[in-house]
Amino acid sequence: MARAVNQPVMSKAKKKSLMKRSIPIYIMALPGLLYLFINNYMPMPGIVLAFKNYNAKKGIYGSPWAGFKNFKYLFATSDAFIITRNTICYNLVFILVNTFFAIFVAIILSELTSKWKKAYQSVILLPYLLSAVIISYLVFAFLSPENGFINNSILKPLGREAVSWYQKQEYWPFILVFVNLWKGIGYSCIIYLSTIIGFDRGYYEAAAIDGATKWQQITHITLPLLRPTIIMLTLMAVGRIFYSDFGLFYQVPQNSGALLPVTNTIDTYVYRGLLELGDISMSAAAGVYQSMVGFVLVLGANLLVRKLDPDSALF
Amino acid sequence: MKKRVLAVVLTGVMTAAMLAGCGAGNSDSTSDTPAADSGSGESTAASSAGTTAAGSEDLKDVNGYPTTQDAIDAIQERKDSGSYPTLVVGFMNFAGTPKGIERISQKISERTEETLGVDVELQIMDMASYAQNMNLMLASGEQMDLFNAVSVGFSPCVNKGYLYDMYEDDLFAKYGQGIAVVVPEQYLYADVVGGGFYGITSQKEQGQGLFGISIAQQYLDGIGYDYNSMYENDGDEWIYTDYDTITDIFKQLHEKYPDKTVFMTDKGTVVGQCMPVDAIGGDYFGSLLDPMNSLTVEDLFSSDQYMEICKQMYQWNQAGYFSKDALTDTTGTTPAVKAGSLMAYKTALKPGIKAQESNLCGQPMVMFQIGRENFSASNTCNSMPWCINSQTEDPVAAMQLLNAFYTDPVLSNLLCWGEEGVEYQKTDDGHITFADGVDASNSEYYNNVNWEMPNQFIADIWEGNDLDVWEKTATFNEKCDVSKGMGFIFDNSEVASEYTALTNVYTQYRDQLELGFENPEKLIPEMESALKDAGLETYMQAKQEALDAWAKDNGKE
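On a predicted model such as this, the values are computed, not experimentally measured, just so you know.

Attention shifts here to the overall build of chain A. Helix and strand content of chain A: 14 helices and 0 strands. Its helices and strands taken in sequence order, chain A reads α-α-α-α-α-α-α-α-α-α-α-α-α-α from the N to the C terminus. Across its three principal axes, chain A shows a C-alpha extent of roughly 65 × 65 × 35 Å. Counting all 315 residues of chain A, 34% fall into the buried class. In chain A, once contacts between residues fewer than 6 apart in sequence are set aside, the share between residues at least 24 apart is 70%.

Now the structure itself:
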């Protein structure tokens, strides 16, 4: 899918032989598809849970219907606005910032010829492989009011007063965006990098012969060729715009209550509220709500893309 | 074209993955079905059931506890039949199924075959999976005759109809007479819900001494503080004192040891462990502020009591006694003392606490209590009751086995400590300890959950504890102020949206206030208005109505 460069129209016979040649590839994909079917499609009827008063003894289908009652708690309270705003706004910023920097780094890496290239790549990827709990303590090592690096080794020598980071809301939108970028950039960067490496070197050679500078090559060859990948990844991110990275919003602020107005998202709200309640139907309702909105947003965004640039649309 | 089809499928898969990824993960659930309200007429039976069997006073069982002719007949009948029914008993521990479980089941069965004519199979699961497994077993009708409802939740179990009503067919009166002697009456009937007798609390301390402060002895000695003269009586475990005295000690500690944190408290325990306030129904959104005398649900957060405790914490925090990291710190208090970074912390008091905390901290601790209130909250007895499964095939045998667990020291020792000579051995002074070559890491049966066992009071006492710790505990239990709402459980599914919103608000303000990081005069009004927005009044009203109905059914007020 990444190779969305305009392909010539194929004849029927050619198509058939291509299909034949692809059979081994389909077989290779089979276990993965089976996994997806078992793990992701078979449980889908469980959606009805969101509309039931779940009772373990009566089972999922035997439990009485509850209508939309389970959804009420997501909208009925004063927090509804805050958690929706936080979830969407953070995700929008994440999409913009992460895409920009991932492409930026990917292009730099692709232009590098140093023997350290592989090492750079690994180092950038490393944070992505760390669990949120570990990241939260790395952040804590910087921000701890008592022993943190920033308070003790930066602010103190500068003669500035120490900041109790975990009590001050105003800093956290920036901290979270930064941490998310640091954590996620390695992964999206690799996707862009692998796409760039796949480009036909002929374009660049031709451009170089015509006297194009590096900058011109980037803006006129790399970026336009990258467009379908960018659009696809962005569309997928848009589909998840109603979800938040639980670890980022719960663990990284160390679950500090004082920061709730800027760190509470739909997921953390549901988690905190239902931790003791343990109501399966209500958590299912939150999941259904997030998926539905995500689904509609993907369709909408794709529609928009198709209007503007039919070739780049996902479907 | 194919590319498009594939893309559609992929998008579908992604969306489905999102669906599947969420939602899951909650193991137990509250149901909407209200408890089977079988009418209020039976409630008076609660107080008389204990004495129904009065006509058979002279009958005693093997352990010398009163029994009935019905019970003796039932045992004889099982023995005569030649085949003993096997009863499954379930509870949780922290380490998962112990290696020696079959051997211990065998040992228990040897005893119960002789005394009751039943075999016993233990099922011990680790805490993380216990609730989920138990819910599945109960829902699917798998055999599980007796179990502890800890972490599964007593209230959900009642609501879902999983529990056997021990009033039915006079089950308790006929076969549970030993329990009626062992468990004090004010706690025995605490798990009667809607006229049904669904659970029996384990024998443990049923209350707590409020506002206990534990200070490491080495630092008190370091500032030359004379605490020895402060004990009221010889043999007291803790010193009764007041807020100002403790503040004075903290001040001296802080001056002498400026690098160490003076004081620390586990988050979210300040109200529960310092104030005689009952979180009736399981949360503080509407509490009993005068729980011994009144069943009026009031708002804790606007009360003077709450302002007072927050101010006290604020004063300590501003004086520098708390760690600046306290808001985010999740280290336990006792490991911090052990590591040498902390000098004092708050704890709930109970007999044996001094030995327990000194063990945990790896050094002698001196215990203080601000005020002298010992309080038993309404949820004390339904946090870990023993219950009979409503689907058990032989409720009589299950009741008799439970009765034996509460009265037979042989069974209690097997449940609590394992087999003598294999897991543990007796010491010369009457304690028990690990058998030779055995320790906590290689013992085949070392659950360390004796508070969950039916009756640890009749088991042997492990080294390091006073030999009379259980007598002291029994006295302590008798002297506790018991909440009037003891035994009330609240089904909040009708106000679940308010509950989620209130929990989120409380999380936002709780630690800043209760760990003294912000001035309560400023912050409490802010929290108060946020709670009101989140529906505090609706929630409190629902709770009050449920409580009133419960009080009427149970003849309180």
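What follows covers the overall build of chain B. Across its full length, chain B holds 21 helices and 18 strands. The buried share of chain B, taken over its 557 residues, is 50%. Pairs at least 24 apart in sequence give 79% of the contacts found in chain B among residues at least 6 apart.

Moving on, we get to the packing of helix α13 (residues 266-274) of chain A against helix α14 (residues 280-308) of chain A. Residue and element names in this part refer to chain A. One way to put it is that α13 packs onto α14 with a least axis distance of 10 Å and a crossing angle of 170 degrees. Between α13 and α14, the angle is such that the two are roughly antiparallel. On the side of α13, the interface is formed by Ile 266, Val 270 and Leu 274, while α14 contributes Met 282, Ser 283, Ala 286 and Gln 290.

Residue and element names in this part refer to chain B. Burial along strand β15 (residues 385-388) is two-sided: Pro 385 and Cys 387 and Trp 386 and Ile 388, pointing in opposite directions, are all buried. In this structure, strand β3 (residues 146-148) lies alongside β15, joined through 3 bridges in antiparallel fashion. Opposite Leu 146, over in β15, you have Ile 388 as the bridge partner. Looking at chain direction, strand β6 (residues 200-201) and β15 are connected through 2 bridges and run antiparallel. Within the sheet, the bridge partner assigned to Thr 201 lies in β15 and is Pro 385.

With that settled, the discussion passes to helix α4 (residues 101-115) of chain B. In an α-helix there are 3.6 residues to a turn, and that puts residues three or four apart on one side. All names here are of chain B. Its 15 residues give α4 an end-to-end C-alpha distance of 21 Å, which sits within 8% of 21 Å, the value for a rise of 1.5 Å per residue. Looking at the buried residues of α4, the elements they touch are β2 (119-126), α16 (395-407) and α17 (409-417). Trailing α4 by a residue or two, Gly 117 shows a phi angle of about 75 degrees, which is positive.

What follows concerns the environment of Glu237(B). All names here are of chain B. You can see Glu 237 is positioned in the loop between α10 (217-222) and β8 (238-241). The partly exposed category is assigned to Glu 237, around which 19 C-beta atoms lie within 10 Å. In the structure, Glu 237 is positioned 280 residues away from Phe 517 in sequence and 32 Å away in space, judged by C-alpha atoms. Residues within four places of Glu 237 in sequence aside, it is in contact with Pro 351, Ile 353, Lys 354 and Met 367.

Bringing the nonpolar core into the picture now. Ile215(B), Leu401(B) and Leu502(B) are the most contacted members of the largest nonpolar core, which has 194 residues in total. Once residues lying within four places of it in the same chain are set aside, the contact partners of Leu401(B) are Leu87(B), Thr112(B), Leu116(B), Val118(B), Val120(B) and Leu146(B). Among the nonpolar cores identified, the runner-up in size contains 12 residues, and Val105(A), Ala106(A), Leu193(A) and Ile196(A) belong to it.

Moving on, we come to the confidence of the model for chain A. Residues and elements named next belong to chain A. Per-chain confidence: chain A averages 87 in pLDDT, with 95% of residues scoring 70 or above. Ranking the elements of chain A by mean pLDDT puts helix α2 (residues 59-62) last with 78 and helix α8 (residues 172-198) first with 94. Predicted confidence is poor over residues 1-5, with pLDDT under 50, and the contacts of this stretch with residues over four places away or in other chains come to 9 contacts.

Residue and element names in this part refer to chain B. Here we have 5 strands laid out as an open sheet, ordered β2-β1-β3-β15-β6, and mixed in their pairing. Looking at which strands have only one partner, the edges of the open sheet turn out to be β2 and β6. Contacts between α16 and the sheet are confined to β1 (86-93), β2, β3 and β15, with β15 contributing the most and set at about 160 degrees to the helix.

All names here are of chain B. Per-residue confidence for chain B gives a mean pLDDT of 86, with 90% of residues at or over 70. Contacts of residues 16-56 to residues separated by more than four positions or lying in other chains number 96 contacts, the stretch itself having pLDDT below 50. In the model output, the complex is listed with pTM 0.78 alongside ipTM 0.78.

All names here are of chain B. In terms of burial, strand β13 (residues 365-370) is a largely internal element, 6 of the 6 residues being buried. Residues of β13 alternate between two faces, with Met 365, Met 367 and Gln 369 on one and Val 366, Phe 368 and Ile 370 on the opposite face, all of them buried. Alignment of strand β7 (residues 208-216) against β13, held across 5 bridges, turns out to be antiparallel. Across the sheet, Gly 212 pairs through a bridge with Gln 369, a residue of β13. Alignment of β8 against β13, held across 4 bridges, turns out to be parallel. Note that in β13 the partner of Thr 241 across the bridge is Ile 370.

Each pair of packed helices can be described by the angle between their axes along with the distance between the axes. Residue and element names in this part refer to chain B. Relative orientation of the contacting elements helix α19 (residues 496-514) and helix α20 (residues 520-533) amounts to 175 degrees, with a least axis distance of 10 Å. Here α20 runs roughly antiparallel to α19, going by the angle between their axes. Taking contact as the criterion, the partners of Leu 502, Val 505, Tyr 509, Gln 512 and Leu 513 in α19 are, on α20, Pro 520, Leu 523, Ile 524, Met 527, Ala 530 and Leu 531. Counted by class, the contact of α19 with α20 contains 10 nonpolar, 1 polar and no charged residues.

Note that Arg103(B) resides in helix α4. In sequence terms Arg103(B) and Leu288(B) are 185 residues apart; their C-alpha atoms lie 47 Å from each other.

With 26 residues, helix α10 (residues 214-239) of chain A ought to run about 38 Å at 1.5 Å a step, and its terminal C-alpha atoms sit 35 Å apart, in line with that. What α10(A) keeps buried is the set Thr222(A), Pro228(A), Thr229(A), Ile231(A), Met232(A), Leu235(A) and Gly239(A).

As a further point, take the environment of Cys381(B). Residue and element names in this part refer to chain B. By the element assignment, Cys 381 lies in the loop between β14 (374-376) and β15. Separated by 175 residues in the primary sequence, Cys 381 and Gln 206 have C-alpha atoms spaced 7.1 Å apart. Residues within four places of Cys 381 in sequence aside, it is in contact with Tyr 187, Ala 190, Asp 191, Thr 201, Gln 206, Met 486 and Gly 487.

Let us look at unusual backbone geometry. Positive phi is not limited to glycine here, since Gln254(A) has a value of about 55 degrees. Along the chain, the position of Gln254(A) falls in the loop between α11 (246-251) and α12 (260-263). In this structure Gln254(A) comes out as buried when scored by C-beta crowding, with 21 C-beta atoms within 10 Å. Positive phi, close to 50 degrees, is recorded for Asp169(B), a residue that is not glycine. As for its position among the elements, Asp169(B) is in the loop between α6 (154-159) and α7 (171-175).

What counts and what doesn't
Residues numbered from 1 in each chain as written. Chains lettered and ligands numbered in written order. Predicted model: local features only at pLDDT ≥ 70, side-chain atom pairs only at ≥ 80, totals over all residues. Helix = DSSP H or I, 4+ residues; strand = E, 2+ residues; numbered from the N terminus. Buried ≥ 20, exposed ≤ 12 C-beta atoms within 10 Å, placed from the backbone. Contact = placed C-beta atoms within 7 Å. Axes fitted to C-alpha atoms, helices over the stretch in contact; angles between N-to-C directions. Parallel < 35°, antiparallel > 145°, perpendicular 65-115°, else oblique. Pairing = 2+ DSSP bridges. Expected span 1.5 Å × (residues − 1). Core = buried A, V, L, I, M, F, W, Y, C linked by C-beta atoms within 7 Å. pLDDT = per-residue confidence, 0-100. Nonpolar A, V, L, I, M, F, W, Y, C, P; charged D, E, K, R; others polar.

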